[in-house]
Amino acid sequence: EAQVTQNPRYLITVTGKKLTVTCSQNMNHEYMSWYRQDPGLGLRQIYYSMNVEVTDKGDVPEGYKVSRKEKRNFPLILESPSPNQTSLYFCASSLEGPPGEKLFFGSGTQLSVL
Amino acid sequence: QKEVEQNSGPLSVPEGAIASLNCTYSDRGSQSFFWYRQYSGKSPELIMSIYSNGDKEDGRFTAQLNKASQYVSLLIRDSQPSDSATYLCAVNTYSSASKIIFGSGTRLSIRP
C-alpha cells in the first residue's frame, strides 16, 4: 500500500531532551516536507526537500533540523525541544513537488514538550 | 495580511443543502490551488485541485477560481453528515515555486 509512515504517533517529552520523528514514504517521491499544525494557524511548513541531499527552510524552521540521506526517509530532529514546539506534526510527500502536485500526508505526530 | 485566508467557521449547513467554502489569497501570481479535507484527528487529504479560471466539477464537489479577484471557492452539493470536517485551502505561491501555503481552514458541520 502506498503510504507515508510517521513515528511515533504520540510523544511526550521534557524541555531540552533531543528527539527524532521519523518519516518514510514508499512511493519513490522526490519531494518531502514537514508541517506543524496549530489551532488557528493552519499548516505551516518547517522544512522541505526536493531530492536526496537537498533541503531548504520553510516558514518556521527555527529549532528544527532535517536530513535527506535516502530518498524514502526524511526525519525531523528537535535538538533541544521547548514547550512552544508542542504541536501536531505532519510529514508529506509528492512525486515531484509543487506547483501542481498532490501532497500525501502521514498520519501525524502529536508532540507535547513539558 | 495572511497569504491565504479562510473564515474559520464553524459553518453549519443542513443535510442536502449546498455548502459554500471560500478562500482568498494575496499573491497575484499564484499558479495552483487545492482543497484538502481534514477529519478531526486525521491527516489532510486532497479532494480538489484547480489551475485555471472557472469551475471544475468532481462528483458533488465544484471548485471555482477567479484569479482577477484572487478568490477560490469550494461548493459541496447535497451535503452529507460525512462531509463534516475542516476544509483547508492551499495555494502554490509564485514567489516560491517550491512552497504550498495553507489557510487555517474552515470547519464545516452538516446538521441532519
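Provided above is the structure to which this section pertains.
Residues numbered from 1 in each chain as written. Chains lettered and ligands numbered in written order. Predicted model: local features only at pLDDT ≥ 70, side-chain atom pairs only at ≥ 80, totals over all residues. Heavy atoms only, no water.

A few words now on the sheet that holds strand E3 (residues 19–25) of chain B. All names here are of chain B. A sheet is described by the order of its strands in space; here 5 strands give the open sequence E1-E3-E8-E7-E6, paired in antiparallel fashion. Two strands lie at the open edges of the sheet, namely strand E1 (4–6) and strand E6 (54–58), each paired on one side alone. The mean inter-strand angle of the sheet, taken between neighbouring strand axes irrespective of direction, is 20°. Pairing between E6 and strand E7 (residues 61–66): 5 bridges, direction antiparallel. Residue Gly54 lies in a different strand from E7, and its bridge partner there is Leu65. (Pairing = 2+ DSSP bridges. Helix = DSSP H or I, 4+ residues; strand = E, 2+ residues; numbered from the N terminus. Axes fitted to C-alpha atoms, helices over the stretch in contact; angles between N-to-C directions.)

For the rest of this paragraph, the subject is the interface of chain A and chain B. Residue-level contacts link 22 residues of chain A with 22 residues of chain B. Each partner contributes to the roughly 1,700 Å² buried at the junction of chain A and chain B, and carbon and sulfur atoms together form 54% of this total. Our count for the chain A to chain B interface comes out at 0 salt bridges. Inspection of the chain A/chain B interface yields 4 residue pairs in polar contact (both at pLDDT 80 or more). (Contact = heavy atoms within 4.5 Å. Buried area = accessible area lost by both parts, 1.4 Å probe. Salt bridge = Lys/Arg side-chain N within 4 Å of Asp/Glu carboxyl O. Polar contact = N/O pair within 3.5 Å; in protein donor to acceptor, adjacent residues only side chain to side chain.)

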